[in-house]
Each structure stands twice: as structure tokens, then as C-alpha cells.
Amino acid sequence: LAKTTQPISMDSYEGQEVNITCSHNNIATNDYITWYQQFPSQGPRFIIQGYKTKVTNEVASLFIPADRKSSTLSLPRVSLSDTAVYYCLVGVLNRDDKIIFGKGTRLHILP
Amino acid sequence: DTEVTQTPKHLVMGMTNKKSLKCEQHMGHRAMYWYKQKAKKPPELMFVYSYEKLSINESVPSRFSPECPNSSLLNLHLHALQPEDSALYLCASRKGRGTDTQYFGPGTRLTVL
């Protein structure tokens, strides 16, 4: 399984765009990149998933360079409610695959 | 219905008690998971059930005993726990193949006295 490295914490302000980068140098050919968001005392919630280039949904964008050794989660115009822990996971989601959460990034949005 | 439910929401138990955590999903997902999460730490995988069969046990102590009675239900039986087992216990499910994602329940906050 590809190991992931993320910043431990980040601060930003309401209305700003926030970019969180995840490093995964030993990503395998069949691996996908998935991001989850977790609020205190709640289960993680899926945000976005991608394989290469750019993926966008109503919540976020995911940028993946050609070498796929890193990825960047982009949250547009954050609000206080985006304060949470964000986890980057890399792997192939087969039924017997293990899904290991990295340490995550604690994002704190300031007014 | 894209929800995973967990009961109870909170549980306090003594070290000699026997209790069970329950997880339910009605999305037709064939893979179900138990995770343990300590404060300010990432979730740690405990067990994986695939098509109602235990496929992964991450060397979890025998005082935790999982059970999958049917494709919608996952239980975690607890016996003779230690105070260090106090944590948030998360259940998740996944469709079972391909690039689909996990859906997590809200968790059970367990306190062992």
C-alpha cells in the first residue's frame, strides 16, 4: 500500500481557497486517490476520488500531476464549517484490500 | 438510502461486562468494516467482512469478537475490555468492487471504566 504524507495542520480564513497536498511517492499503477473529511465525533465522509489529471465535484477539486506522486485537494471559498480533519488515502478498493488512513490534516478556518 | 447506522451512540461499560455494538446498512453493500479511533488519531482498521465472511482481522485481541449475521448487519461483541479500549468505534460499508468508496456510520463512543 502506498504511504501518504500530509501536513499535520493548516489554518485559513473564511472565503479563501484552501489547497491540501498529499505525497504518495510509491503509488501503484492501479491505485486511486481518495479524500475523506471528518468532523469531531463523527465518521469520515467521502469528499472526492480520482486517478489522474483533475476531478471536480460540487464540494472540491482534486488535482493529480502526470507522475501521480502527489495530489492536491482544493476547497473553494471555505467557511467555518469546513474546519475538520482531511485524510488522503491511496489504494485499490478491492474487497480484500486494506484501507489505511494516514495521519490527516487538521484544517482550521478562522473568521 | 445511503446511510450506515450504528447503535448505541454512547456506551459505558465495566471491565467485566459483555456488550455488543451494532451496525446496519441497507445499500446492498457486500463489504463491511470495523474501525477503532482514539482521540486525535486516524481510524485504525480492526476487521473486514466480505460477502459475510471475515476476510481481514488486524490482530485484534480476542476480547473483541465480530459477527456478520447477514449482508446488512454487523456486530461487534465486547467482553472483558480494558480502559485503554475506550475509543470511537466506527463501522463502514462498501459496495464491494472497483473504485467505489466507503460509507461510514456516526460511530459508537465507548468508555470502559
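Residues numbered from 1 in each chain as written. Chains lettered and ligands numbered in written order. Predicted model: local features only at pLDDT ≥ 70, side-chain atom pairs only at ≥ 80, totals over all residues. Heavy atoms only, no water.

A word on the state of the cysteines
- Applying the stated criterion to the full structure yields 2 disulfides over all chains.
- Shown here is the disulfide that connects A:Cys22 with A:Cys88, its sulfur atoms set 2.2 Å apart. The sign of the S-S torsion, about -80°, decides the handedness of the disulfide formed by A:Cys22 and A:Cys88: left-handed. With A:Cys22 in strand β2 (residues 18–23) and A:Cys88 in strand β8 (residues 84–91), this pair connects stretches of sequence that are 66 residues apart. Each of the two residues, A:Cys22 as well as A:Cys88, counts as buried.
- Residue pairing for B:Cys23: its cysteine sulfur links by disulfide to B:Cys91, the two sulfurs lying 1.9 Å apart. (Disulfide = S-S within 2.5 Å. Helix = DSSP H or I, 4+ residues; strand = E, 2+ residues; numbered from the N terminus. Buried < 20%, exposed > 50% of the residue type's maximum accessible area, 1.4 Å probe, protein only.)

Description of the sheet that holds strand β1 (residues 4–7) of chain B
Residues and elements named next belong to chain B.
- Spatially, 4 strands are ordered β1-β3-β8-β7 in an open sheet, and the strand pairing comes out antiparallel. Across the chains shown, the open sheet's two edge strands, defined by having one partner strand only, are β1 and β7 (64–70). Averaged over neighbouring strand pairs, the angle between their axes works out to 20° when direction is ignored. (Pairing = 2+ DSSP bridges. Axes fitted to C-alpha atoms, helices over the stretch in contact; angles between N-to-C directions.)

A short note on the nonpolar core
- Within the largest apolar cluster, 23 residues are counted, with the highest numbers of intra-cluster contacts made by B:Trp34, B:Phe64, B:Leu76 and B:Leu78.
- By size, the runner-up hydrophobic cluster in this structure holds 20 residues, among which are A:Cys22, A:Ile27, A:Trp35 and A:Leu75. (Core = buried A, V, L, I, M, F, W, Y, C linked by side-chain atoms within 4.5 Å.)

Focus: the side chain of A:Gln38
- Note that A:Gln38 resides in strand β3 (residues 32–38).
- Within the structure, A:Gln38 has its side chain in polar contact with the side chain of B:Gln37 (distance 2.7 Å).
- In contact with A:Gln38, other than residues within four places in its own chain, are A:Gly43, A:Pro44, A:Ala84, A:Val85, A:Tyr87, B:Gln37, B:Pro43 and B:Leu90. (Polar contact = N/O pair within 3.5 Å; in protein donor to acceptor, adjacent residues only side chain to side chain. Contact = heavy atoms within 4.5 Å.)

Quick notes on the pairing of strand β7 (residues 70–75) of chain A
All names here are of chain A.
- Burial runs high along β7: 5 of the 6 residues are buried.
- Here β2 runs beside β7; their pairing, made up of 6 bridges, is antiparallel. Across the sheet, residue Ile20 finds its bridge partner in β7, namely Leu73.
- For strand β6 (residues 61–64) and β7, the ladder comprises 3 bridges, and the chain directions are antiparallel. Opposite Phe63, over in β7, you have Thr72 as the bridge partner.
- Between β6 and β7, which pair antiparallel in sequence order, lie 5 residues; one of them, Arg68, sits at a positive phi of approximately 55°.

Regarding unusual backbone geometry
All names here are of chain B.
- The step from Thr7 to Pro8 runs through a cis peptide bond, and the omega angle for that step is -10°.
- Along the chain, Pro8 falls in the loop between β1 and β2 (10–13).
- If you check the backbone angles, Tyr51 has positive phi at about 50° while not being a glycine.
- With a relative accessible area of 31%, Tyr51 lands in the partly exposed category.

On their own, these measurements won't tell you what the molecule is for.
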